[in-house]
Amino acid sequence: MKVRFAPPNIPLSRRLQTAAVLQWVFSFLALAQCCYVIFAVLMFTRFWLVSVLYSTWWFLDRDTPSRGGRRCRFFQRLAIWRHLRDYFPVTLVKTADLDPRQNHVFGFHPHGILVAGGFVNFCTEATGFQLLFPGLTPRLLMLPLWFRVPFFRDYIMTGGLIPSDKDSAAYLLRQEGGGNAVVIAVGGAPEALDARPGAFTVLIKNRKGFVKLAMEHGAPLVPVFSFGENELFDQVDNPKGTWLRWIQERMQKVMGIALPLFHARGVFQYSFGLIPYRKPIFTVVGKPLRVERNEKPSAEEVDAMHEKYLEELCKLFEEHKAKYGVPEDKHLSFV
């Protein structure tokens, strides 16, 4: 394979963008493991007191992730996130006003490999969420296991991330006065196994928990589609029925996380590596679907609301796909 190197005279702005995305990829793939190692190693050095004091803090602070987390506006406004936004670039698109007096449930699609659009739009202020939707505070849900990692848990909470369990989401949706937007990547980790350029497969047919959650709290359902999310990485072919897919699905069930074999470009060359391609992402926030409060919805009622949501998601995709380079003959495929 011929390696295509980056030219030496790249502008400083683009180098800063690459550095920002490198930091972001490292945070997703290796920072948690590094935090574990640092915590353990400190216990066997003269700095053992750091780990002991942190363990005490961790115990006292153990419920914070499930109680709305600990967002930090200073962290979300750092210049590094603007460089990350401009690397792709990422654009947040508003199609309707959202009432800040209500709490909302955002369904984010597709998951992609690393949920790039979800992170940039809802965990930072780089794309102007607060300006487009004044009075609303987004919180993106993430696998609970990451909130059990020392140091790392505090890092991800500064971006507004909270555990992806019912109690954490319900806590925000119960808050009087509204103003909370719970963002759920509905397809979750399994959907990442189908994330590749040109794919419009949405794992949602049997995923109805987010709909039931919205019904129990009377929170409007807002479909969100991130055009370009699947274009950032190539992935080794893993169709259902192959040994690779079988291993990936088994590991996902055991570990709770998906392990797609993805690749794109490198830092100094364009031929291979784990840095995403420079492909634009347009995250379109759809119109809210009104949901009547029903503390104990029946299965039939949940199915009916789920069907309405699928219709709205399809409508959102079809209305905007031509603007963002999706061929006319391409449609969403629900699995």
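Reading the values: the criteria
Residues numbered from 1 in each chain as written. Predicted model: local features only at pLDDT ≥ 70, side-chain atom pairs only at ≥ 80, totals over all residues. Heavy atoms only, no water. Helix = DSSP H or I, 4+ residues; strand = E, 2+ residues; numbered from the N terminus. Contact = heavy atoms within 4.5 Å. Core = buried A, V, L, I, M, F, W, Y, C linked by side-chain atoms within 4.5 Å. Buried < 20%, exposed > 50% of the residue type's maximum accessible area, 1.4 Å probe, protein only. Pairing = 2+ DSSP bridges.

(A) A look at the side chain of Ser51. Checked against the element boundaries, Ser51 lands in helix 2 (residues 48-60). In this structure Ser51 touches Phe39, Leu42 and Met43, once residues within four positions along its chain are discounted.

(B) Region of the structure containing the nonpolar core. By size, the foremost hydrophobic cluster in this structure holds 52 residues, and its most contacted members are Trp24, Leu84, Phe88, Phe106, Trp146, Phe152 and Val285. With seven residues, helix 1 (residues 12-42) is the single largest residue contributor to this core. Apart from the residues lying within four places of it in its own chain, the contact partners of Val285 are Leu92, Val93, Lys94, Thr95, Leu98, Phe106, Phe133, Val222, Pro223 and Val224. With 36 residues, the next largest nonpolar core counts Val93, Ile162, Phe227 and Leu332 among its residues.

(C) Region of interest: unusual backbone geometry. Going from Phe88 to Pro89, the amide bond is cis rather than trans, its omega being 0 degrees. The residue Pro89 is located in the loop between helix 4 (79-87) and strand 1 (90-94) in this model. The step from His109 to Pro110 runs through a cis peptide bond, and the omega angle for that step is -15 degrees. In this structure, Val115 takes a positive phi of about 50 degrees despite not being glycine. Assignment of secondary structure puts Val115 in the loop between strand 2 (104-109) and helix 5 (116-122). Positive phi is not limited to glycine here, since Phe151 has a value of about 70 degrees. Looking at where Phe151 falls in the secondary structure, it is placed in the loop between strand 3 (137-142) and helix 7 (152-158).

(D) Structural view of the environment of Lys166. When you line up the elements, Lys166 lands in helix 8 (residues 166-173). Its relative accessible area of 48% is what places Lys166 among the partly exposed residues. For the pair formed by Lys166 and Gly107, sequence separation is 59 residues and the distance between their alpha carbons is 15 Å. Among residues more than four places away in sequence, those in contact with Lys166 are Leu213 and Glu216.

(E) Here's a closer look at the pairing of strand 2. Extensive coverage of strand 2 is indicated by the burial of six of its six residues. By the alternation rule, side chains of strand 2 split into His104, Phe106 and Phe108 and Val105, Gly107 and His109, which are all buried. Alignment of strand 2 against strand 5 (residues 180-185), held across five bridges, turns out to be parallel. From the neighbouring strand, Gly107 faces strand 5, where its bridge partner is Ile184. Relative to strand 7 (residues 221-227), strand 2 is paired through five bridges, and the arrangement is parallel. For Gly107, the partnering residue across the bridge sits in strand 7 and is Pro223.

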